[in-house]
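Summary of structural features
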Amino acid sequence: MNELAIDLRRATAADAESLSAFAAGVFPLGGRPETDPIHVEAYVAAELNPDRFLNLVADPRAVVLIAEGNRTIVGYAVLLHHAGHPQIPARYPAELRKIYVHPDYHGQGVADALMRELLSSTRPNTDVIWLSVFSENARASGYYTRWGFRFAGNQVFMVGADRQKDFLMRRLAGKSF
(Lines give C-alpha, C1' and ligand atoms only; values in the text may rest on other atoms or scores of the structure.)
Protein backbone atom coordinates (compact mmCIF):
# COMPACT_ATOMS: atom_id res chain seq x y z
CA MET A 1 0.00 0.00 0.00
CA ASN A 2 1.30 3.47 -0.81
CA GLU A 3 2.12 5.80 2.02
CA LEU A 4 -0.20 8.75 2.45
CA ALA A 5 1.27 12.22 1.99
CA ILE A 6 1.01 13.56 5.52
CA ASP A 7 2.03 16.69 7.30
CA LEU A 8 3.31 16.52 10.86
CA ARG A 9 3.15 19.52 13.09
CA ARG A 10 3.18 20.48 16.73
CA ALA A 11 -0.26 20.96 18.20
CA THR A 12 -1.31 24.38 19.46
CA ALA A 13 -4.03 25.52 21.82
CA ALA A 14 -6.25 26.08 18.79
CA ASP A 15 -6.17 22.30 18.17
CA ALA A 16 -7.58 21.27 21.57
CA GLU A 17 -11.19 20.81 20.42
CA SER A 18 -10.32 18.88 17.27
CA LEU A 19 -7.76 16.71 19.09
CA SER A 20 -10.34 15.92 21.76
CA ALA A 21 -12.92 14.92 19.15
CA PHE A 22 -10.38 12.79 17.26
CA ALA A 23 -9.15 11.12 20.45
CA ALA A 24 -12.70 10.33 21.53
CA GLY A 25 -13.25 8.56 18.23
CA VAL A 26 -10.09 6.45 18.17
CA PHE A 27 -9.51 5.65 21.85
CA PRO A 28 -12.18 2.91 22.06
CA LEU A 29 -10.62 1.10 19.09
CA GLY A 30 -7.44 0.27 21.03
CA GLY A 31 -9.19 -1.33 23.98
CA ARG A 32 -11.39 -4.25 24.86
CA PRO A 33 -14.38 -4.28 22.46
CA GLU A 34 -16.77 -5.49 25.15
CA THR A 35 -15.96 -2.66 27.57
CA ASP A 36 -19.21 -1.10 28.67
CA PRO A 37 -19.63 2.16 26.71
CA ILE A 38 -20.44 4.00 29.94
CA HIS A 39 -16.86 3.33 31.14
CA VAL A 40 -15.37 4.44 27.83
CA GLU A 41 -17.46 7.62 27.92
CA ALA A 42 -16.33 8.33 31.49
CA TYR A 43 -12.67 7.92 30.51
CA VAL A 44 -13.05 10.08 27.42
CA ALA A 45 -14.86 12.81 29.39
CA ALA A 46 -12.20 12.84 32.11
CA GLU A 47 -8.99 12.25 30.14
CA LEU A 48 -9.51 13.26 26.51
CA ASN A 49 -11.39 16.50 26.90
CA PRO A 50 -10.23 19.80 25.36
CA ASP A 51 -8.86 21.07 28.69
CA ARG A 52 -6.55 18.06 28.95
CA PHE A 53 -5.18 18.81 25.49
CA LEU A 54 -4.81 22.51 26.34
CA ASN A 55 -2.77 21.51 29.40
CA LEU A 56 -0.60 19.14 27.37
CA VAL A 57 0.09 21.70 24.67
CA ALA A 58 1.06 24.23 27.34
CA ASP A 59 3.27 21.77 29.27
CA PRO A 60 6.95 22.44 28.43
CA ARG A 61 7.70 18.74 29.04
CA ALA A 62 5.22 17.61 26.38
CA VAL A 63 5.57 17.08 22.65
CA VAL A 64 2.10 16.89 21.08
CA LEU A 65 2.14 16.02 17.39
CA ILE A 66 -0.66 16.00 14.86
CA ALA A 67 -0.54 14.05 11.61
CA GLU A 68 -2.74 15.50 8.90
CA GLY A 69 -3.70 14.08 5.54
CA ASN A 70 -5.81 16.13 3.20
CA ARG A 71 -6.06 18.79 5.95
CA THR A 72 -7.73 16.32 8.31
CA ILE A 73 -6.32 14.87 11.52
CA VAL A 74 -5.43 11.25 10.81
CA GLY A 75 -3.27 10.65 13.88
CA TYR A 76 -1.68 12.19 16.93
CA ALA A 77 0.98 11.38 19.46
CA VAL A 78 2.16 12.65 22.83
CA LEU A 79 5.60 12.31 24.43
CA LEU A 80 6.16 13.55 27.96
CA HIS A 81 9.72 14.20 29.14
CA HIS A 82 10.73 13.62 32.76
CA ALA A 83 7.83 11.22 33.26
CA GLY A 84 8.96 8.22 35.24
CA HIS A 85 7.27 5.00 36.26
CA PRO A 86 8.17 2.95 39.34
CA GLN A 87 8.65 -0.21 37.26
CA ILE A 88 10.89 1.47 34.66
CA PRO A 89 14.38 2.23 35.99
CA ALA A 90 15.74 5.38 34.36
CA ARG A 91 17.50 8.60 35.29
CA TYR A 92 15.85 10.73 32.59
CA PRO A 93 12.75 8.92 31.34
CA ALA A 94 10.25 9.99 28.74
CA GLU A 95 6.79 8.49 28.38
CA LEU A 96 5.29 7.86 24.99
CA ARG A 97 1.85 8.66 26.36
CA LYS A 98 -0.27 8.37 23.23
CA ILE A 99 0.04 7.42 19.61
CA TYR A 100 -3.20 6.90 17.73
CA VAL A 101 -3.98 6.65 14.04
CA HIS A 102 -7.45 6.52 12.55
CA PRO A 103 -8.04 2.95 11.29
CA ASP A 104 -8.71 4.19 7.75
CA TYR A 105 -5.04 5.23 7.67
CA HIS A 106 -3.43 2.14 9.22
CA GLY A 107 -0.62 0.78 7.08
CA GLN A 108 -0.02 4.09 5.32
CA GLY A 109 3.05 5.24 7.26
CA VAL A 110 1.27 7.61 9.64
CA ALA A 111 2.28 5.85 12.86
CA ASP A 112 5.86 5.46 11.63
CA ALA A 113 6.08 9.16 10.80
CA LEU A 114 4.75 10.07 14.25
CA MET A 115 7.13 7.64 15.96
CA ARG A 116 10.18 8.89 14.03
CA GLU A 117 9.35 12.48 14.94
CA LEU A 118 8.72 11.65 18.61
CA LEU A 119 11.96 9.71 18.91
CA SER A 120 13.90 12.52 17.27
CA SER A 121 12.32 15.02 19.67
CA THR A 122 13.62 13.36 22.83
CA ARG A 123 15.92 15.53 24.87
CA PRO A 124 19.64 14.71 24.71
CA ASN A 125 19.75 13.39 28.29
CA THR A 126 16.74 11.07 27.91
CA ASP A 127 17.92 7.54 28.61
CA VAL A 128 14.69 5.48 28.45
CA ILE A 129 11.40 5.86 26.65
CA TRP A 130 8.51 3.86 28.03
CA LEU A 131 4.84 3.32 27.31
CA SER A 132 1.83 1.31 28.37
CA VAL A 133 -0.32 -0.64 25.93
CA PHE A 134 -3.54 -2.59 26.43
CA SER A 135 -2.50 -6.20 27.01
CA GLU A 136 -5.03 -7.56 24.50
CA ASN A 137 -3.98 -5.19 21.68
CA ALA A 138 -1.55 -7.49 19.87
CA ARG A 139 -1.33 -5.17 16.86
CA ALA A 140 -0.09 -2.26 18.99
CA SER A 141 2.27 -4.44 21.05
CA GLY A 142 3.76 -5.85 17.85
CA TYR A 143 4.17 -2.37 16.41
CA TYR A 144 6.05 -1.15 19.48
CA THR A 145 8.24 -4.27 19.45
CA ARG A 146 9.25 -3.50 15.86
CA TRP A 147 10.37 -0.06 17.11
CA GLY A 148 12.63 -1.63 19.74
CA PHE A 149 10.34 -1.53 22.76
CA ARG A 150 10.52 -4.56 25.06
CA PHE A 151 8.15 -5.79 27.75
CA ALA A 152 9.02 -4.48 31.20
CA GLY A 153 6.01 -5.26 33.39
CA ASN A 154 2.33 -4.55 33.63
CA GLN A 155 -0.07 -2.25 35.40
CA VAL A 156 -3.77 -1.67 35.92
CA PHE A 157 -5.31 0.87 33.57
CA MET A 158 -8.71 2.25 34.51
CA VAL A 159 -11.19 2.91 31.72
CA GLY A 160 -13.86 4.62 33.76
CA ALA A 161 -14.51 2.07 36.51
CA ASP A 162 -13.33 -0.88 34.37
CA ARG A 163 -9.97 -2.34 35.46
CA GLN A 164 -7.90 -3.38 32.48
CA LYS A 165 -4.38 -4.75 32.20
CA ASP A 166 -1.72 -2.80 30.34
CA PHE A 167 1.74 -4.04 29.45
CA LEU A 168 4.63 -1.70 30.18
CA MET A 169 7.25 -1.51 27.44
CA ARG A 170 10.57 0.32 27.32
CA ARG A 171 13.44 1.03 24.97
CA LEU A 172 16.69 2.88 25.23
CA ALA A 173 16.61 6.39 23.90
CA GLY A 174 18.97 7.24 21.09
CA LYS A 175 18.68 3.74 19.61
CA SER A 176 17.96 4.15 15.92
CA PHE A 177 15.65 2.09 13.73
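Everything quoted here is computed from the prediction, not taken from an experiment.

Glancing now at the pattern of salt bridges. Tallied over the entire structure, the rule returns 8 salt bridges. Glu47 is the partner of Arg52 in a salt bridge, and the nearest nitrogen-oxygen pair spans 3.4 Å. Overall, Arg52 belongs to the partly exposed group, its relative accessible area being 37%. Residue Asp59 pairs with Arg61 through a salt bridge whose shortest N-O separation is 3.2 Å. The class of Asp59 is buried, set by a relative accessible area of 18%. On the basis of relative accessibility, which here comes to 31%, the residue Arg61 falls in the partly exposed class.

The element strand S5 (residues 128–134) is extensively covered by neighbouring structure, given that 6 of its 7 residues are classed as buried. Pairing of strand S4 (residues 93–101) with S5, which is carried by 3 bridges, proceeds in the parallel orientation. Paired with Ala94 across the two strands is Ile129, which belongs to S5. On the question of chirality, the crossover connecting S4 to the parallel S5 by way of helix H4 (residues 110–120) is right-handed. Pairing of S5 with strand S7 (residues 162–172) involves 7 bridges; the strand directions are antiparallel. Looking at the pairing, Phe134 lines up with Asp166 of S7.

We now examine unusual backbone geometry. If you check the backbone angles, Arg71 has positive phi at about 60 degrees while not being a glycine. Mapped onto the fold, Arg71 is located in the loop between strand S2 (62–69) and strand S3 (72–81). Phi is positive for His82, close to 55 degrees, though the residue is something other than glycine. Positionally, His82 belongs in the loop between S3 and S4.

Relative to the assigned elements, Gln108 resides in the loop between S4 and H4. Here Gln108 falls in the buried class, since its relative accessible area comes to 14%. Reaching out from Gln108, the side chain makes a polar contact with the backbone oxygen of Asp104 at a distance of 3.0 Å.

Scoring rules and cut-offs
- Residues numbered from 1 in each chain as written.
- Predicted model: local features only at pLDDT ≥ 70, side-chain atom pairs only at ≥ 80, totals over all residues.
- Heavy atoms only, no water.
- Salt bridge = Lys/Arg side-chain N within 4 Å of Asp/Glu carboxyl O.
- Buried < 20%, exposed > 50% of the residue type's maximum accessible area, 1.4 Å probe, protein only.
- Helix = DSSP H or I, 4+ residues; strand = E, 2+ residues; numbered from the N terminus.
- Pairing = 2+ DSSP bridges.
- Right-handed = clockwise from strand over helix to strand, strands pointing away.
- Polar contact = N/O pair within 3.5 Å; in protein donor to acceptor, adjacent residues only side chain to side chain.

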